[in-house]
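Per-entry structural report
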Amino acid sequence: MRQATRAQWIKCAIAILLYLAFLIWVRSWWGLIVVPFIFDIYITKKVPWSFWKKSKNPVVRNVMSWIDAIVFALVAVYFVNIYIFQNYQIPSSSLEKSLLVGDFLYVSKMSYGPRVPNTPLSMPLAQHTLPVFNSKSYIEWPQWKYKRVPGFGKVKLNDIVVFNFPAGDTVAVNYQQTTDFYTLAYGEGQRIYSKRIDMDSLTRAQQRAVYDLYYAAGRKQILNNPRTYGEVLWRPVDRRENYVKRCVGLPGDTLQIVNGQVMIDGKAIENPENLQFNYFVQTTGPYIPEDMLRELGISKDDQMLIEDSGWENGLLEMGLDSRNAQGRLNPVYHFPLTKKMYDTLSGNKKLISKIVMEPEDYAGQMYPLNLYTKWDRNNYGPIWIPAKGATITLTEDNLPIYERCIVAYEGNKLEVKPDGIYINGEKTDQYTFKMDYYWMMGDNRHNSADSRYWGFVPEDHVVGKPIVVWLSLDKDRGWFDGKIRWNRLFKWVG
């Protein structure tokens, strides 16, 4: 052993102690194999870690110094992203006005405890696809089991949470930004079997058979037409799209939505200050001034001026008419409004003649996709949210609600046979959940693809909690016209 200085021994001891503290935190003793390498870097120096520094070729030294710096940065970013915080950009308006499109967030992994990655071999800063190359940013092997290390707390009611999209395990690439694979498959199946079926006249078993037929036909259509739908991929939990929503239901809660109000165990929960719903707004004749829409906070993406004659029948059903008795145009708009925005517009009688909430015809199919319920966005449930260790009795009425939890999230084999339900080959009508689950919804209630459409969020999908908006860019404005929202910089996320 070469002679080491006192300073080197001190640095080595500090490095090893910090590393051992990290291993205790993540509860992984496999990392002990790295300790001899740390010792060698500081003390023995048997491995020539910086061999390139002795090269006589300046090109080699310059190139290798850059490679060394890049590798170190990537490793540092990899560990920071996994265990401390991650940058996230708000891509959609589902949480407007609490969080805006163009907000850049610091997401704390420590708030709920960081997950040990399921897919450890992945490229930092790329969720699932490498830019430019348009290929996977991860290697699927090895796949580690779910483990979460201790954090500062647990998900609480009304927390804004970043999580991996539960229905994003299977992806039709050409539709991944608009529709999840399962909604797409059921929708395509219903389109193929276009004849209307009276579900009220069918038993639960017959209804299930119809939904199975829809899904099988739609899935076959997608798989057989890659030019239309794109490649169909499977993604591990931690490589699925990141979503951000508000938690409105905790494990063990019974949730119901009554006329747009979320109820937990029969009691109304506190609504977010900026809760929004979609409305049709008819004017008395003139167009709504652009500066008024901007002052109200309605982005260009959320503004729809209805001038197409194809809308006339739908407008008439809502008591709206885009033309008055003299045949003159009475513009009708469609956009989301908070209560404050609604009151501002409805109070302007000279400009606004009528405001009507968007009907449920625009809602689409609610979760579960294979259960006939007549639920909609504003009137949903009641539905019980699974809790770890809780046991339920499975019936024809609730099996579609919890089937995905049992099979896709907790890895069991479930079969429905004429004589009953079989889980992992054993006949049973009982199931005990292995994980906690959450119910996530957007504040922009009619513009949010959330748990009402794809169901529960398992605890192993929870990524972290947004802490602060560090940058906010308004895509409707230029750099010299208010693109940077200065009033949102370093704004704490409530």
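The structure under discussion appears in the preceding block.
Bear in mind the structure is a predicted one, so any value in this text is a computation, not a measurement. (Residues numbered from 1 in each chain as written. Predicted model: local features only at pLDDT ≥ 70, side-chain atom pairs only at ≥ 80, totals over all residues. Heavy atoms only, no water.)

Here we look at the pairing of strand E12 (residues 276–283)
It is a general feature of regular strands that their side chains alternate between the two faces of the sheet. For E12, the buried fraction is high: eight of the eight residues fall into the buried class. As paired strands, E12 and strand E14 (residues 332–338) are joined by seven bridges and run antiparallel to one another. Paired with Tyr279 across the two strands is Phe335, which belongs to E14. Direction of pairing for E12 relative to strand E15 (residues 352–357): antiparallel, over a ladder of five bridges. Bridge assignment links Gln282 to a residue of E15, and that residue is Lys354. (Buried < 20%, exposed > 50% of the residue type's maximum accessible area, 1.4 Å probe, protein only. Helix = DSSP H or I, 4+ residues; strand = E, 2+ residues; numbered from the N terminus. Pairing = 2+ DSSP bridges.)

Here's the deal with the layout of surface pockets
Volume-wise, the second largest pocket comes out at about 1500 Å³. Lining the second largest pocket are 37 residues, with Tyr19, Phe22, Val34, Val75 and Phe79 sitting closest to its centre. A total of ten residues in the lining of the second largest pocket trace back to one element, the largest contributor, which is helix H3 (residues 58–83). A breakdown of the residues in the lining of the second largest pocket according to their chemical character gives 30 nonpolar, three polar and four charged. (1 Å grid on protein atoms, 1.4 Å probe; cavity = no way out; pocket = protein on both sides within 12 Å on 5 of 7 lines; lining within 4 Å. Points joined across faces, edges and corners; volume = space filled by probe spheres on them. Nonpolar A, V, L, I, M, F, W, Y, C, P; charged D, E, K, R; others polar.)

Digging into the packing of helix H1 (residues 6–26) against helix H2 (residues 35–44)
Between H1 and H2, whose axes approach to 9 Å, the crossing angle comes to 160 degrees. Overall, the two elements H1 and H2 adopt an arrangement that is roughly antiparallel. At the point where H1 passes H2, the crossing takes the right-handed sense. Residues Gln8, Trp9, Lys11, Cys12, Ala15, Ile16, Tyr19 and Leu20 of H1 pack against Val35, Ile38, Phe39, Tyr42 and Ile43 of H2. Class assignment of the residues belonging to the contact of H1 with H2 gives a composition of eleven nonpolar, one polar and one charged. (Axes fitted to C-alpha atoms, helices over the stretch in contact; angles between N-to-C directions. Parallel < 35°, antiparallel > 145°, perpendicular 65-115°, else oblique. Left-handed = near helix turned anticlockwise from the far one by under 90°. Contact = heavy atoms within 4.5 Å.)

Some remarks on the packing of aromatic side chains
Applying the stated rule across the entire model yields 36 aromatic pairs. Ring centres of Phe433 and Tyr437 lie 6.1 Å apart, and the angle between their planes is 75 degrees; this geometry places the pair in the edge-to-face category. Tyr437 carries the same exposure label as Phe433, and that label is buried. Joined through ring pairs, the aromatic side chains of Tyr367, Trp375, Tyr380, Trp384, Tyr402, Tyr409, Tyr431, Phe433, Tyr437, Trp439 and Phe456 make up one cluster. Sitting above the plane of the Tyr422 ring, Lys417 keeps its charged end 4.4 Å from the centroid. Here the guanidinium or amino end of Lys483 rests over the ring plane of Trp479, the centre of that ring lying 5.6 Å away. (Phe/Tyr/Trp six-rings, centres within 6.5 Å; stacked < 30°, edge-to-face > 60°. Lys NZ or Arg CZ within 6 Å of the ring centre and 35° of its normal.)

A few points about the side chain of Asp169
Residue placement: Asp169 occurs in the loop between strand E5 (160–164) and strand E6 (170–172). In this structure Asp169 comes out as buried when scored by relative accessible area, which is 7%. In contact with Asp169, not counting residues within four places along its chain, are Tyr182, Leu233, Trp234, Arg235, Arg240 and Arg404.

Observations regarding the nonpolar core
Counting residues in each nonpolar core, the largest one holds 58 residues, and the members touching the most others are Leu255, Trp439 and Phe456. With residues near it in sequence (within four places) discarded, Leu255 still touches Val248, Gly249, Val262, Met263, Ile264, Gly381, Pro382, Ile383, Ile385 and Trp439. Core analysis: the second largest hydrophobic core is formed by 17 residues, Ile288, Leu296, Ile298 and Met341 among them. (Core = buried A, V, L, I, M, F, W, Y, C linked by side-chain atoms within 4.5 Å.)

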